[in-house]
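Inside the fold
Single-letter residue listing:
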Amino acid sequence: MHLTTEEEKMYDGEYGWACQVSMQILTRLGDLFGATKLIPIKSAHLSGVSYKTISDAPIGFLEELANTAGHVKVGTTLNPSSLDPDYSAKFSTTQKEKQRHIIKLYRKMGAEPTLTCTPYYIEQPRQGSHLAWAESSAVIYANSVLGAYTNREGSPSALAAALIGKTPNYGMHRSENRQSTILVDVETELKDEAEFGALGIHLGRLLNDKNPLIKGLSKPSNDDLKQLGAAMATAGMTTIFDTGKPTRRKWEEKVSVGRRDIENTRESVSTISEQPDMVFLGCPHCSLEELKKVADSLKERKVKRGLQLWICVARWLKERAKGYVEIIEAAGGHVVCDTCAIVTWLRDLGIDSVMTNSAKTAYYAPTMSKVGSSLAPLRECLKTACL
Ligand code: F3S
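Before going into details, it helps to say that this report is about the structure given with it. (Residues numbered from 1 in each chain as written. Predicted model: local features only at pLDDT ≥ 70, side-chain atom pairs only at ≥ 80, totals over all residues. Heavy atoms only, no water.)

**Comments concerning the overall build of the protein**
Looking only at helices and strands, the protein has 15 helices and 13 strands in total. Overall size of the protein, expressed as C-alpha extent along the three principal axes, is 65 × 60 × 35 Å. Within the span of the protein, comprising 387 residues, buried residues form 57% of the whole. Within the protein, residue pairs in contact and separated by at least 24 positions form 79% of the contacts whose partners lie at least 6 positions apart. As presented, the protein carries roughly 16900 Å² of accessible surface, and 48% of it is formed by carbon and sulfur atoms. Each charge class in the protein was averaged separately, 48 positive and 45 negative side chains, and the resulting centres sit 2 Å apart. (Helix = DSSP H or I, 4+ residues; strand = E, 2+ residues; numbered from the N terminus. Buried < 20%, exposed > 50% of the residue type's maximum accessible area, 1.4 Å probe, protein only. Contact = heavy atoms within 4.5 Å. Areas by Shrake-Rupley, 256 points an atom, 1.4 Å probe, with all protein chains shown as cover. Lys, Arg positive; Asp, Glu negative; His and termini not counted. Charge placed at Lys NZ, Arg CZ, Asp CG, Glu CD.)

Structure follows, in structure tokens:
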């Protein structure tokens, strides 16, 4: 991979250890995947923030970076943490202190503590802009819905790109790798966001990392596409999909999806049939439209005693949607920020089972949060949650 004189100096350590180690990470990745050079990025989005998911191991590395003058060169946002300080009474002092420390280290490096998996609601990247984002749901949304260019970064490579302000030009940064190669024909009408998520899980399992063009979707909203992409990137490694008109005649493969596929997938990610302890909405974190929908449905209703209703959003959005938040909280629901049902310690909150409209959460909950889950559309979730 070609390096400029300036990049060589960074690589050789002339700008300190943080820059040097970042260059080592980026050049190693670039060489591995056939990049020819580093290209500037407009923003970075970092995962590896929740203490529950990363535990103690990477904290020393972050401390060393932050203490050797590592500072981000582009706007850098952070994925959710393990807790919302407003709902943290049941967590131990250690859990809270470690989480605070991790966020402090990222802040010291110049990252904004947005603590959301939907950074695109705070600032939407421009079409055609190059990014270095971790968080698979945000990556597939950025590539497929917003037309930005980002690989599915891991925590170290996204941080390294943020600290250098550049990323190697391989994978999704090259137009030739963004073309759809598989035609998916959806032969059944998808009725709600949970079915879009079920389609995503089904395709993720089938396609692994291939790029599909999906036809047969009738006017999906961006929120539907968010559920589809998040689920596809959960069950597989796909980083881009297209829902436009098929333009090519020959495909590597053609796949049909019918009603039975959607129903079987929904059943496969539903491990409970009984009343859940929690109804969780907002994976990925809710858009303003989704929050409004929840608030509209909760007017004049009350959440059942003994059941928790969580709606997760970016704190940035919560602060700008006070009217909806008031309606939801008056009904007994909680608008929770900075975290979600997967990256927090649900068991410590006394939760054994979750109902959700997110296929990604339903898929992950049994393994990552050790709780039962069921996938259902918003109206069914709220019917279960409310009197
Ligand atoms: Fe976001 Fe948590 Fe889902 S980080 S994508 S709400 S698993």
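**Overview of the environment of aspartate 86**
Checked against the element boundaries, aspartate 86 lands in the loop between β3 (75–78) and α5 (93–108). Here the alpha-carbon distance between aspartate 86 and valine 335, two residues 249 residues apart in the chain, equals 10 Å.

**Looking at the nonpolar core**
Judged by nonpolar contacts, the single largest core of 56 residues is most densely connected at Leu46, Tyr106, Met109, Leu159, Phe280 and Leu346. Elements that contribute at least two residues to this core include exactly α2 (17–32), β2 (43–46), α3 (51–54), α4 (59–67), α5, α7 (155–164), β9 (278–281) and β10 (308–312). Excluding residues that lie within four positions of it along the chain, leucine 346 makes contacts with Met278, Ala341, Ile351, Val354, Ser369 and Val371. Judged by nonpolar contacts, the second largest core, of 27 residues, contains Leu281, Ala331, Ala376 and Leu382. (Core = buried A, V, L, I, M, F, W, Y, C linked by side-chain atoms within 4.5 Å.)

**Some details on the pattern of salt bridges**
Applying the stated criterion across every chain, the model contains 18 salt bridges. Glutamate 176 is the partner of arginine 174 in a salt bridge, and the nearest nitrogen-oxygen pair spans 4.0 Å. For arginine 174, a relative accessible area of 23% translates into the label partly exposed. Glutamate 263 is the partner of arginine 260 in a salt bridge, and the nearest nitrogen-oxygen pair spans 3.7 Å. Taken together, the positions of arginine 260 and glutamate 263, both in helix α10 (residues 259–268) and three residues apart, correspond to about one turn of that helix. The network of salt bridges with common partners includes Lys191, Glu195, Arg259, Arg260 and Glu263. (Salt bridge = Lys/Arg side-chain N within 4 Å of Asp/Glu carboxyl O.)

**Notes on the packing of aromatic side chains**
Enumeration over the complete set of coordinates arrives at seven aromatic pairs. Taking the centre distance of 4.9 Å and the plane angle of 15° together, the rings of phenylalanine 33 and tyrosine 170 count as stacked. Taken together, the residues span a long stretch of sequence, with phenylalanine 33 in the loop between α2 and β1 (38–40) and tyrosine 170 in the loop between β5 (166–168) and β6 (182–186) at a distance of 137 residues. Judged by relative accessible area, which is 10%, tyrosine 170 ranks as buried. The cationic tip of arginine 248 hangs over the ring face of tryptophan 251; the distance from NZ or CZ to the ring centre is 5.4 Å. (Phe/Tyr/Trp six-rings, centres within 6.5 Å; stacked < 30°, edge-to-face > 60°. Lys NZ or Arg CZ within 6 Å of the ring centre and 35° of its normal.)

**A short note on the site of the ligand**
Around the ligand, a shell composed of Pro80, Cys117, Glu135, Ser137, Gly282, Cys283, Pro284, Cys340, Ile342 and Lys360 is seen. Its residues placed into classes, the shell around the ligand shows six nonpolar, two polar and two charged. (Near = heavy atom within 4 Å. Nonpolar A, V, L, I, M, F, W, Y, C, P; charged D, E, K, R; others polar.)

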